[in-house]
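Listed here are the chains, written in short residue letters.
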Amino acid sequence: MKVLKFGGTSVGSPETMRAVMDLITDGEQKIVVLSAMSGTTNTLVEISGYLRKKNKDTARIFIGNLEVKYKKVVNELFSSDENKKLGLKVVGESFNTIKSFTSGNFGEVGENTILAQGELISTQLFALLMNENDYNTELLPALDFMRIDEDKAAETQFIRKNIKTVLKEVGEADYYITQGFICRNANNEIDNLQRGGSDYTASLIGAAIEAEEIQIWTDIDGFHNNDPRFVENTKKIDHLSFYEAAELAYFGAKILHPQTVLPARVSNIPVRLKNTMNPTDEGTLITAESDGKGIKAVAAKDGISAVKIRSGRMLMAYGFLKNIFEIFEKYKTPIDMISTSEVAVSITIDNTQNLAEIRKELDKFGIVEVDSNMSIVCIVGDIIQEETGFASKVFRALDGIPIRMISYGGSRYNISVLVPTSHKKETLQALSNNLLNS
Ligand code: ADP
Ligand code: ASP
Ligand code: MG
């Protein structure tokens, strides 16, 4: 069985939902993972923001506008009055849930419950549409099998076991529809896999059922060699290895949620990226093999802070790095890049939630400086294939860019540079002009 995931724009209007229905109904049994309709999760985040700030009146206005939009969708989506009524019931129930948070206290559980409504609505409406068109379809409630632990890591064993139970419970169908993004956490509360998480849902399900292929359908023809939101003349890549795709996704290529590749790689399931607007195009295939073509693509991750610790004591001292790393570990803050010299160490992080505490503890070991608003630009390919000259090619391409840190040799697949975010676009464009397209 294949697992197909359709993103927000693919289910962004009644027309595109019907196009997805036509696309998936080829008689082959499949699991279809859907995101919320495009824009919905952003609006739900905004609503939650107002509720957090106790600005309930503004929250109510946003909720009202979104509900009007969904009522219109229902009216346009279904043919029969009976299904229009059922669709309005789905919408009404979700909006009652959202509205219930406009009185009383509002915290994380409330916010995650509100954020989940986008996927809950899109999947129920889509399943109803499928049934109205006589396709044998069942909904798989993601909240019954998707779970994360205390550290927000996916509980793969739990998912594997429970999706099988849910599949049995709902019974045989040609098409199974389920929610991307949403899950339960260790306290059994509604939670999510972070923004863009529907891709990750699809790969977790793919691995759990040992799918034949995981397909991520979106609004572009596949993985491009640079970020098309910032750079002109990007080109589609036909094939990437799991390692290459994982590096690019982790370092900011928005087309894939950062963790999507891991479950597929572990279970060796091919991932194909496809364009809903151009379904006959082959898209990008991601598999275990590397086709050894040297430098493949670049990506950039924003919101990075560089922390530098300068210490006279580091000179010839062992245990210094261990002490530093233990502080980051204590505050559950992952480190992306590291660079050391005799007297200083620079580290980058993207989670600055505990930076104040981390900084206080680092003060014991030396003088601490923090540079915020930085971006990691990651250049990916099979470096071995380039043999000599890889680094020099990259540095020639980046002539004139203020590079704050460099990481090379950590893996066979990437070289990363840290630049101020204000120079990100220029850096990406320079790499396209002088490295990828030359
Ligand atoms: P969806 O809602 O379907 O999940 P996303 O917006 O999350 O879609 O991802 C698709 C978008 O990712 C593309 O429209 C494109 O702008 C952006 N993107 C960023 N980097 C890349 C890349 N390297 N290749 C292709 N698309 C990219
Ligand atoms: N709807 C969620 C989001 O916008 C998940 C997703 O689209 O993948 O982040
Ligand atoms: Mg996405």
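As the structure is a prediction and not an experimental result, all values here were calculated from the model. (Residues numbered from 1 in each chain as written. Chains lettered and ligands numbered in written order. Predicted model: local features only at pLDDT ≥ 70, side-chain atom pairs only at ≥ 80, totals over all residues. Heavy atoms only, no water.)

## Some points on the site of ligand 1
Link 1 in the chain: Taken together, 15 residues lie near ligand 1, and Lys5, Thr218, Asp219, His224 and Lys254 sit nearest.
Link 2 in the chain: Contact between ligand 1 and Asp219: an oxygen atom at 2.7 Å from a side-chain N or O atom of the residue.
Link 3 in the chain: One of the backbone N or O atoms of His224 is found 2.9 Å from a nitrogen atom in ligand 1.
Link 4 in the chain: Summarising the interface, the protein chains cover 86% of the accessible area of ligand 1, which totals 570 Å² for the free molecule.
Link 5 in the chain: Residue composition of the shell around ligand 1, by class: four nonpolar, six polar and five charged. (Near = heavy atom within 4 Å. Polar contact = N/O pair within 3.5 Å; in protein donor to acceptor, adjacent residues only side chain to side chain. Areas by Shrake-Rupley, 256 points an atom, 1.4 Å probe, with all protein chains shown as cover. Nonpolar A, V, L, I, M, F, W, Y, C, P; charged D, E, K, R; others polar.)

## A short note on the site of ligand 2
Link 1 in the chain: The local shell around ligand 2 consists of Ser35, Ala36, Thr41, Glu119, Phe181, Arg195, Gly196, Gly197 and Ser198.
Link 2 in the chain: Here Gly196 contributes a backbone N or O atom positioned 2.8 Å from an oxygen atom of ligand 2.
Link 3 in the chain: Gly197 places a polar main-chain atom, nitrogen or oxygen, 3.4 Å from an oxygen atom of ligand 2.
Link 4 in the chain: When isolated, ligand 2 has an accessible area of 260 Å², and the protein chains bury 86% of it.
Link 5 in the chain: A class-by-class count of the residues in the shell around ligand 2 yields two nonpolar, five polar and two charged.

## Here's the deal with the side chain of Lys274
Link 1 in the chain: In this structure, Lys274 sits in strand E9 (residues 271-275).
Link 2 in the chain: Within the buried core, Lys274 has no salt-bridge partner, and the shortest N-O distance to an opposite charge, that of Glu282, equals 5.4 Å.
Link 3 in the chain: One polar contact links the side chain of Lys274 to the main-chain carbonyl oxygen of Asp281, over a distance of 2.8 Å.
Link 4 in the chain: Sequence-distant contacts of Lys274, defined by excluding residues within four places in its chain, comprise Ile216, Trp217, Thr218, Ile220, Pro279, Thr280, Asp281 and Glu282. (Helix = DSSP H or I, 4+ residues; strand = E, 2+ residues; numbered from the N terminus. Buried < 20%, exposed > 50% of the residue type's maximum accessible area, 1.4 Å probe, protein only. Lys, Arg positive; Asp, Glu negative; His and termini not counted. Salt bridge = Lys/Arg side-chain N within 4 Å of Asp/Glu carboxyl O. Contact = heavy atoms within 4.5 Å.)

## What to know about the packing of helix H1 (residues 14-24) against helix H3 (residues 56-77)
Link 1 in the chain: Interaxial distance between H1 and H3 falls to 9 Å at its minimum, and their mutual angle equals 50°. Of the possible angle classes, the one that applies to H1 and H3 is oblique. The two elements H1 and H3 meet at a crossing, and its hand is right-handed. Where H1 approaches H3, its residues Pro14, Glu15, Met17 and Arg18 are matched on the opposing element by Val73, Glu76 and Leu77. (Axes fitted to C-alpha atoms, helices over the stretch in contact; angles between N-to-C directions. Parallel < 35°, antiparallel > 145°, perpendicular 65-115°, else oblique. Left-handed = near helix turned anticlockwise from the far one by under 90°.)

## Quick look at the pattern of salt bridges
Link 1 in the chain: Counting across every chain of the model gives 27 salt bridges.
Link 2 in the chain: For the salt bridge of Lys236 with Asp238, the shortest nitrogen-to-oxygen distance reads 3.6 Å.
Link 3 in the chain: We classify Lys236 as partly exposed; its relative accessible area is 26%.
Link 4 in the chain: On the accessibility criterion, Asp238 (54% relative accessible area) is exposed.
Link 5 in the chain: Among the ionic pairs, Asp281 bridges to Lys236, the shortest N-O distance being 3.0 Å. Of this pair, Asp281 sits in the loop between E9 and strand E10 (284-287) while Lys236 sits in the loop between strand E7 (213-218) and strand E8 (239-241), placing them 45 residues apart in sequence.

## Describing unusual backbone geometry
Link 1 in the chain: Positive phi, normally seen in glycine, also occurs at Lys54, with a value near 60°.
Link 2 in the chain: Looking at the element boundaries, Lys54 is found in the loop between helix H2 (40-52) and H3.
Link 3 in the chain: The phi torsion at Glu210 lies on the positive side, around 50°, for a residue other than glycine.
Link 4 in the chain: Along the chain, Glu210 turns up in the loop between helix H7 (198-208) and E7.

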